[in-house]
Amino acid sequence: MSMGFHLAWRNIWRNPRRTAVILTAVVIGVWSMVFLGALMRGIVQGMIQNGIKTLTGHVQIHPAGYLQDPSVNHRIQGIARIKSMVASELPVRSSLSCRVRVNAVASNARHNGGVTLVGIDPQDEAKVSFIGSSIVEGRYLKPDDGDAIVIGRALADRFETRLGRKLILMAQDTGGEIASRAFRIRGIFHAEMEATEKNFVFVTRSAAQKMLGMDDAVSEIAIVLPAHDQAAAVARRLQQRFAGQDLVVTTWRQALPLLTSYLELYDSFIMIWFVVVFVAMGFGIVNTTLMAVFERMREFGLLKALGMRPCRIVWGILTESFYILVCGMLLGDLLGLVSSWGFAIKGIDLSALAQGVEYAGMSRIIIPVVEARDLLNANLVVLVLGLLVSFYPAIRAARFTPVEAMRQT
Amino acid sequence: MTTIVACRNVNKTYQQGKVMVNALEDINLEVATGSFMALAGPSGSGKTTLLNIIGGLDLADSGDIRVNGQAYAELSSARMAELRLHKIGFVFQAYNLIPVLSAIENVEYVMLLQGVDSAQRRRKAMQILDEVGLDGKYDRRPTELSGGQQQRVAVARAIVSDPSIVLADEPTANLDSKTGESLLQLMLRMNRQRQVTFIFSTHDNMVMAYAQRLVILKDGRIADEQTKTV
């Protein structure tokens, strides 16, 4: 059969200009599938990363009832023992952080408003969430900071306050009373989303526990794993380990249902995009293949006269299409990978569209991410649908009788 | 002598615009194995149509056609393709070689369709090209060969599969008289050495002169018939 392949390869170069045109269409189509697929995947990855970094982590452990009523009434006691049990179930290069997290009211001389008070172990938290690397003014918390507080840029602006000024926090303590305490602003952070800057204020865990009368108890344990897809398995192990205890283990997908829906939506978007690009490309393939078929109609007549079966004519034309598609796919993939990796070095900065971008929950910097499944899907769509649309001209060629075909000029 | 081609009451009508044209009318013809015969007649007399029908390239409207005792009416299009592949060779006026294949690949291609293995294909193709006087020109593409050489490749392609019949549609029409005569001598040699039946359609006097049997068609009917010894 090697001669058949040989013949098909030579046939596609009989009209180099036409082959170049269709090859260009396939290359551009595949490139756009790979590159825009990587861009969409990058947007999703950015959204996931944002979600996970914004205090969610890959896996969270809460006391039962906390998710319905996030107050000091629901807390995890005996944290040292639980922390070591959790740590023993985690893969290497995982990190965890124990937090106090309650709703509070912040106020200064001019303003007041609702915030989420987060009491953290500064060193552990830096490995788990965005806060450790987001200080734009002042400094990050130290483990022994008793009255230091770190607030977001947007909150500082809203409260018309700055570093060194005091901020009063009020929240319900374990005795059901309103506890309040003054903290001094030591650091201001910047986050991807303005809502994060307005909502969260950070103090040390010991300061929060002392203020709320929680002793050593915490509200949640957040875990970050080396890979997103390890979350379900780790959560399952922890659920088994804590069976019978009043602890609830959730993954980031459960904690961020909107983001999970986005993920599924983006998967569909990417496939729809692939098909839309293919439809445009498919017309080109059919048109060009038809032209090539009609140009060689006498030859198909000859082949049939020599005794070639119609199915072999179909096979020959499909082989030619296969070569063009595969060459186009290889070049398109290469171009898509090079451009994706090129943009991945610095990322695509959407700061100019920051408000719109934030509204959509996207990162300000998009780093294209090429996923093997997208690459595979794009190539499969082009190859399978490309061969399918080539059937039409191939069958046209095979259906002529030898005499009809050889009459063609 | 056995009969290799038998046509009984063959009719063929074409539609030309709104007019129906009788291309063949009640043709009765028997061709003996090993013949070297020509179908002659003016343009539009039906000789190419008859050749195409004998070769299974076109279908008759009515009548019975048998080649090697096989009735065409009983054959599906796939079986007809098989028959053409193994029993019938074709030589066309315009050579009809595959332009992207070299001379030897053009000859090999028929054997490829027959499923002959590559070593045997190559050996047989070289042998046949040597026989038709194209030794040393195996790798030339059709565009690198003269008209006469291309037609020799076409003859080589037609006989390489050891067919029972070779049907040649005006094989000398595009050749000068010297080249045409040398091609006819080649085909006559093949006919004698290999006992292959040759049927030509022609209005070339030289072909008619070489033919052992001449069937003259006029307006789709057999008008005359001559037999001679070459």
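Residues numbered from 1 in each chain as written. Chains lettered and ligands numbered in written order. Predicted model: local features only at pLDDT ≥ 70, side-chain atom pairs only at ≥ 80, totals over all residues.

Re the overall build of chain A
- Counting secondary structure elements, chain A contains 15 helices and 12 strands.
- A compact globule built from 409 residues should have a C-alpha radius of gyration of about 22 Å, whereas chain A, at 31 Å, is more than 25% larger.
- With respect to the principal axes defined by its C-alpha atoms, chain A has extents near 100 × 50 × 30 Å.
- Taking the intrachain contacts of chain A between residues at least 6 apart in sequence as the baseline, contacts between residues at least 24 apart amount to 81%. (Helix = DSSP H or I, 4+ residues; strand = E, 2+ residues; numbered from the N terminus. Rg over C-alpha atoms; globule rule 2.2 N^0.38 Å. Contact = placed C-beta atoms within 7 Å.)

Details of the overall build of chain B
- Looking only at helices and strands, one finds 7 helices and 10 strands in chain B.
- In terms of overall dimensions, chain B is globule-like: its C-alpha atoms have a radius of gyration of 17 Å, near the 17 Å expected for 230 residues.
- Once the C-alpha set of chain B is aligned to its principal axes, its extents read approximately 50 × 40 × 40 Å.
- When each of the 230 residues of chain B is scored for burial, the buried share is 46%.
- Looking at chain B alone, contacts between residues at least 24 apart form 70% of all its contacts between residues at least 6 apart. (Buried ≥ 20, exposed ≤ 12 C-beta atoms within 10 Å, placed from the backbone.)

Let's talk about the packing of helix α12 (residues 310–346) of chain A against helix α14 (residues 372–399) of chain A
Residue and element names in this part refer to chain A.
- Orientation of α12 relative to α14, taken along the N-to-C sense of each, is 150 degrees, at an axis distance of 8 Å. Between α12 and α14, the crossing angle belongs to the class labelled roughly antiparallel. Crossing handedness for the pair α12 and α14: right-handed. In this structure, α12 contributes Pro310, Ile313, Val314, Ile317, Leu318, Ser321, Phe322, Leu325, Met329 and Asp333 to the contact, and α14 contributes Leu375, Asn379, Val382, Leu383, Gly386, Leu387, Ser390, Pro393, Ala394, Ile395, Ala397 and Ala398.
- Among the residues making up the contact of α12 with α14, the classes are represented as 17 nonpolar, 4 polar and 1 charged. (Axes fitted to C-alpha atoms, helices over the stretch in contact; angles between N-to-C directions. Parallel < 35°, antiparallel > 145°, perpendicular 65-115°, else oblique. Left-handed = near helix turned anticlockwise from the far one by under 90°. Nonpolar A, V, L, I, M, F, W, Y, C, P; charged D, E, K, R; others polar.)

Observations regarding the sheet that holds strand β8 (residues 197–202) of chain B
Residue and element names in this part refer to chain B.
- Sheet architecture is open: 6 strands sit in the order β6-β7-β8-β3-β9-β10, paired in mixed fashion. Of all the strands in the sheet, the pair left with one neighbour each is β6 (88–91) and β10 (221–227). For this sheet, the mean inter-axis angle between neighbouring strands, taken without regard to orientation, is 20 degrees.
- Pairing of strand β3 (residues 36–40) with strand β9 (residues 213–218), which is carried by 4 bridges, proceeds in the parallel orientation. Paired with Leu39 across the bridge in β9 is Val215. (Pairing = 2+ DSSP bridges.)

As for the interface of chain A and chain B
- Listed per partner, the contact involves 16 residues of chain A and 18 residues of chain B.
- Elements with a contribution of two residues or more to the side of chain A that touches chain B: α1 (2–12), α11 (297–306) and α15 (402–407) of chain A.
- When residues in the side of chain A that touches chain B are grouped by element, the largest group, 5 residues, is from α11(A).
- For the side of chain A that touches chain B, a count of residues per class yields 8 nonpolar, 3 polar and 5 charged.

Digging into the domain arrangement of chain A
- According to the domain assignment, chain A contains domain 1 (2–51 + 259–407) and domain 2 (59–224).
- Just the C-alpha atoms count here: the centres of domain 1 of chain A and domain 2 of chain A sit 51 Å apart. (Domains from an automatic or database assignment.)

Notes on the sheet that holds strand β5 (residues 70–71) of chain B
Residues and elements named next belong to chain B.
- One open sheet holds the 4 strands; their spatial order is β2-β1-β4-β5, and the pairing between them is antiparallel. Pairing within the sheet leaves two strands with one partner each, and these edge strands are β2 (19–32) and β5.
- Where strand β4 (residues 62–67) meets β5, 2 bridges bridge the pair, whose relative direction is antiparallel. Within β5, the position partnered with Val67 by the bridge is Gln70.

Observations concerning the packing of helix α10 (residues 257–295) of chain A against α14(A)
All names here are of chain A.
- Running from N to C, α10 and α14 point in directions that differ by 30 degrees, and their axes come no closer than 9 Å. Here α10 is positioned roughly parallel relative to α14, judged by the angle of their axes. By crossing handedness, the relation of α10 to α14 is classed as right-handed.
- Here the contact of α10 with α14 is built from residues that sort into 17 nonpolar, 5 polar and 2 charged.

Some points on the pairing of strand β6 (residues 166–172) of chain A
All names here are of chain A.
- Side-chain alternation along β6 places Leu167, Leu169 and Ala171 on a buried face and Lys166, Ile168, Met170 and Gln172 on a face that remains uncovered.
- Two strands pair when backbone bridges link them, and strand β2 (residues 95–107) and β6 are joined in this way by 3 bridges, in the antiparallel orientation. Counted as the bridge partner of Val105 is Met170 from β6.
- If you look at the hairpin formed by β6 and strand β7 (residues 178–189), you'll find 5 residues sitting between the two strands, and Gly176 has a positive phi there, around 85 degrees.

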